[in-house]
Amino acid sequence: MSGSYLFSSLRLQAQAHESRVLNAMALQRMLITRYVFYSQQSEETSAARTRKMQEAAKMVSDNFRAFLHGGTIVFSADGRRSAPFEGFTGHEIRAVIARADLAWMKLKTGKEEKGGSLKELRRMETLLEEALTRQEAAITSAQNLQEEKYERLSDTQRIVLWTGLSMFLLAIAYVRYFVTQPLEKSRLELQKHRLNLEDLVREKTESYRIAKEEAEKASRTKSEFLANMSHELRTPLNSIIGMSHMLAEDTRISADSQSMAQTVQKSADTLLEIVNDILDISKIESGHFTLESIGFDFAESLSGIKEALLPLAQAKSVALEVIYKDGIPPFIKGDPLRTGRILTNLIHNAIKYTDDGHVRIKIGHTALDEGHIEIYGEVADTGIGIAPEKHAMIFQKFTQADQSATRRYGGTGLGLAITKELVEKMGGSIGVDSTPGVGSVFWFKIPFPVADSVESAHKPVATKRPKAAQVRLPASAMHVLVAEDHALNQVFIARLLARMGITHVDIVENGRKAVEAVKSKNYHLVLMDCHMPEMSGYEAVREIRQLNSVQSCVPIIALTADALPGTRERCLQAGMDDYLSKPIDAEAFRILLSTWIALPDTPARDADNTDGNTAAPDIKPHAAAPAVDMSVLLQYVDTPEELAAYVDLYLTQAQKDMAALPAACLDGDCPAWVEVTHRMKGSAGMAGAQKLHTLCADAQEMNPSTRAARLKSLAAIRAALNETKDYLMHQVAAPASPPPAELAESSSA
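Chemist: Let's hear about a nonpolar patch on the surface: which residues, and what values?
Modeler: Residues Trp162, Leu165 and Leu169 make up a contiguous nonpolar surface patch of about 370 Å² in total accessible area. By the secondary structure assignment, leucine 169 is in helix H6 (residues 165-249). Under the relative-accessibility criterion, leucine 169 is labelled exposed at 53%.

Chemist: Summarise the sheet that holds strand E6 (residues 357-367); cite the residues concerned and give the values.
Modeler: Pairing within the open sheet is mixed, and its 5 strands lie in the order E4-E6-E7-E9-E8. Of all strands in the sheet, those bounded by a partner on one side alone are strand E4 (318-324) and strand E8 (429-435). Strand-to-strand twist across the sheet, computed as the mean angle between neighbouring axes with direction ignored, equals 15 degrees. Together, E8 and strand E9 (439-449) form the strand contacts of helix H11 (residues 415-425), whose direction differs from that of E8 by roughly 140 degrees.

Chemist: Account for the pairing of strand E12 (residues 504-508), naming residues and giving values.
Modeler: Relative to E12, strand E11 (residues 479-483) runs parallel, the two sharing 5 bridges. Across the sheet, alanine 483 pairs through a bridge with valine 508, a residue of E12. Tracing the backbone out of E11, into helix H12 (residues 487-499) and back to the parallel element E12 gives a crossover that is right-handed.

Chemist: Which residues make up the side chain of serine 257, and what values do they have?
Modeler: Residue position: serine 257 is located in helix H7 (residues 255-286). Within the structure, the side chain of serine 257 is placed 3.1 Å from the side chain of serine 254, a separation counted as a polar contact.

Chemist: Account for the sheet that holds strand E15 (residues 578-581), with residues named and values stated.
Modeler: With respect to topology, 5 strands assemble into an open sheet ordered E12-E11-E13-E14-E15, the strand pairing being parallel. What marks the edges here is a single partner per strand, and that holds for E12 and E15. Between one strand axis and the next, the sheet turns through 20 degrees on average, direction left out of account. Where strand E13 (residues 525-528) lies against strand E14 (residues 556-560), 3 bridges are found, and the strand directions are parallel. Of the residues in E14, the one forming a bridge with valine 526 is isoleucine 556. Docked against the sheet, helix H13 (residues 511-520) engages E11, E12 and E13, running at close to 165 degrees with respect to E11. Seen against the sheet, helix H14 (residues 537-545) touches E13 and E14 and runs at an angle of roughly 155 degrees to E13.

Chemist: Tell me what's going on with the packing of aromatic side chains, and back it up with residues and numbers.
Modeler: Here the structure, examined in full by the defined rule, presents 5 aromatic pairs. Where phenylalanine 67 meets phenylalanine 85, the ring centres are 6.2 Å apart and the plane angle is 85 degrees; that geometry is what we call edge-to-face. One end of the pair, phenylalanine 67, is in helix H2 (residues 46-69); the other, phenylalanine 85, is in strand E2 (residues 82-85), and 18 residues separate them in sequence. Here phenylalanine 67 and phenylalanine 85 have matching classes, each one buried. Taken together, a centroid distance of 6.4 Å and an interplanar angle of 80 degrees make the contact between phenylalanine 296 and phenylalanine 448 edge-to-face. Remark: phenylalanine 448 occurs in strand E9 and phenylalanine 296 occurs in strand E3 (residues 294-296); sequence separation between them is 152 residues. The exposure class assigned to phenylalanine 448 is buried, which follows from its relative accessible area of 3%. Taken together, the ring pairs connect Phe67, Phe85 and Phe88 into an aromatic cluster.

Chemist: Could you give me a rundown of the side chain of serine 536, with the residues and numbers involved?
Modeler: As for its position among the elements, serine 536 is in the loop between E13 and H14. Assessed through its relative accessible area of 17%, serine 536 is described here as buried. Apart from residues no more than four positions distant in its own chain, serine 536 is found in contact with Gly511 and Cys530.

Chemist: With reference to specific residues and values, describe the packing of helix H8 (residues 298-315) against helix H9 (residues 336-352).
Modeler: Contact pair H8 / H9: the axes reach a minimum separation of 10 Å and the direction vectors enclose 30 degrees. Classified by the angle their axes make, H8 and H9 are roughly parallel. In the packing of H8 onto H9, the handedness of the crossing is right-handed. Taking contact as the criterion, the partners of Phe298, Leu302, Ile305, Leu309, Leu312 and Ala313 in H8 are, on H9, Thr339, Gly340, Leu343, Thr344, Ile347, His348 and Ile351. Looking at the contact of H8 with H9 residue by residue, the class counts come to 9 nonpolar, 4 polar and no charged.

Chemist: Would you mind going over H14 in detail, with residue names and values included?
Modeler: Those residues of H14 that fall on the buried side of the exposure criterion are Gly537, Tyr538, Ala540, Val541, Ile544 and Arg545. Angularly, the buried residues of H14 cover 165 degrees about the axis, an arc narrow enough to put them on a single face. Next to the buried residues of H14 lie H13, E13, E14 and helix H15 (567-574).

Chemist: Tell me about the packing of H14 against H15, and please be specific about residues and values.
Modeler: Interaxial distance between H14 and H15 falls to 9 Å at its minimum, and their mutual angle equals 25 degrees. On the basis of the axis angle, H14 is roughly parallel to H15. Between H14 and H15, the contacting residues are Tyr538, Val541 and Arg542 on the first element and Thr567, Arg570, Cys571 and Ala574 on the second. By residue class, the composition of the contact of H14 with H15 is 4 nonpolar, 1 polar and 2 charged.

Chemist: Before we move on, can you summarise the pattern of salt bridges with the specific residues and values?
Modeler: In the structure shown here, the tally under the stated rule is 16 salt bridges. Here aspartate 62 and arginine 65 are joined by a salt bridge, their closest N and O atoms 2.8 Å apart. Taken as a pair, aspartate 62 and arginine 65 lie in helix H2 at a separation of 3 residues, close to a single helical turn. Look at aspartate 62 and you get partly exposed, because its relative accessible area is 26%. Arginine 65 sits in the partly exposed class, given a relative accessible area of 46%. Of the charged contacts, one joins lysine 513 and glutamate 509 as a salt bridge, the two residues approaching to 2.4 Å between their closest N and O atoms. Look at lysine 513 and you get partly exposed, because its relative accessible area is 36%.

Here is what the cut-offs are and how they apply
- Residues numbered from 1 in each chain as written.
- Predicted model: local features only at pLDDT ≥ 70, side-chain atom pairs only at ≥ 80, totals over all residues.
- Heavy atoms only, no water.
- Patch = residues over 30% accessible without salt bridge, like charges linked within 9 Å, V, L, I, M, F, W, Y side chains within 5 Å.
- Areas by Shrake-Rupley, 256 points an atom, 1.4 Å probe, with all protein chains shown as cover.
- Salt bridge = Lys/Arg side-chain N within 4 Å of Asp/Glu carboxyl O.
- Helix = DSSP H or I, 4+ residues; strand = E, 2+ residues; numbered from the N terminus.
- Buried < 20%, exposed > 50% of the residue type's maximum accessible area, 1.4 Å probe, protein only.
- Pairing = 2+ DSSP bridges.
- Axes fitted to C-alpha atoms, helices over the stretch in contact; angles between N-to-C directions.
- Contact = heavy atoms within 4.5 Å.
- Right-handed = clockwise from strand over helix to strand, strands pointing away.
- Polar contact = N/O pair within 3.5 Å; in protein donor to acceptor, adjacent residues only side chain to side chain.
- Phe/Tyr/Trp six-rings, centres within 6.5 Å; stacked < 30°, edge-to-face > 60°.
- Parallel < 35°, antiparallel > 145°, perpendicular 65-115°, else oblique.
- Left-handed = near helix turned anticlockwise from the far one by under 90°.
- Nonpolar A, V, L, I, M, F, W, Y, C, P; charged D, E, K, R; others polar.
- Arc of directions from axis to C-beta.

Rendered as structure tokens:
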């Protein structure tokens, strides 16, 4: 009887111990989920979140170590209940636990890399699911092992049980009370933990779904913000590029002034290129990106790119060579614009980082299945080269191989990132082989279907109407209507037209007035902004095209800073004849107008300015810090009279907007507040009123907001406007002082 009792007691104690092990293994799964849950808690501080993650991670790692090598296992969530464990000895159970431990380490390492993109979120979901699956397999294996142990009874056990059956029956009450009930309690507790864990997993899965949706929404918001910011940046670039171009061509100013104007123009062109790169990235990330599939001549595209970049190479005395292997099909089907962008980025980069030697482009192909080939290209240079450990990072956004190279050669690090995105969107691959001081070889492989001929890209069909007359009138005879709501842009466009010899120009500030003007007067050309108050340019064009008169077919050119995808197609569908994005490049504008107007060979000048002796407006000294950057205003004026007129125009509009702003100081959402502050921000920036521009930009973001906050912002804007007004009136009305050196040179040139 004693032997039977001793055996049963030892067996039940082993069962209780193994139940604690199973409880600890179930706790592992809960702690893994809790570790990921803590990492997503935005309401806690970073330090608290990190501490909780470290505590959960330590318990998981310590338990895995004890399961495999022996030690102390923790089988309660608060870490207070623990027990010694010698470690599993069976090969199969150790292999299952080792795989669970490996899945946990992959999850922990992936989370510490701090990925924030949608792709990284999906990867983390996969890692979490793998870790939980491996842990569940470990629990199942341990349970099976426990059950197998219970079922394996030795001969000795059977003898003891049979001979001590009578004694066991007498002692059953004692065993049940002191052993079976605690074991049953442990099993019930384990089952409760399992149920709680399932509920926790469901909750966390739902929280991950919500987090995923929020991340996608944040990504869309970011992309829309980048696109809208590109629109805002391109508006002032319109004036910067246009005015600097006109100054660079102005023979009345000194050579130094012309050189400075050319520097401004180059810097503005670089800024525009950066804005375009950021816009391309936002299009790709937001999904507003569709590849064309049309037939085109790859060799002809490459030849055009070489011809365009050859002057850049020649300026650096770098040889530019193309090796085009025989046998490549003459026509392939794909996106010629994006394919050209890939080639341009790689070749331009090679020229940029090569100071001596050559840039060699090699193009070959490999036949795939019937009707498909793979174009293989190499762009090899003898430039500065890239260290092997930097090869992967140069394809990341806003990254360059070396910070010193950034200072020497410039750039944002977006070119190669965009190139990689385009290549992979086309189903290809890209890489680099490089040695510092020797040169680099960038290669790409892209599959293309073979085409029979060159095809035209699909373009939306514009509204049908009679075609404009093909006879081009001389610039002096043209009557042009400009529909533009921004007063300073009105001045800029009018001056640009005047320099091209077009002096009969009418200006309106919204689409409704544009329609009325076209009804009442015969215009030869209309320049139409797309976004205007009361009636947009799109609506105005549709109404003009429906007129029952010859003016229904007047040529209309869209001028807009909207760079969102589909803007050109939307303009053509609305009934416009052509499109030019802001900022307006003076030469591109001239080429576009030459389609409709017989322009003079050289830009026209005002008759009273041809001698080059007109005095430039002086900048008067001011006691306090200047409220206005006068260099901005001087882009638009040549004489003191023009400065006075320009200041009067700006102050009139600003005071009108200021009078409308108090009524928009309301609680909650107020579109009028946003519209007025946006307009004041734009005009202040064009006038060089930096402080006022900043205040209006901040105010524009106050939607929705409280009335008290808006009244406080209104007071600051009013004070800044008064300061700006005083400064500008001082510049216009104060006695003339000696002009700065650069203006003196301009007036004496």
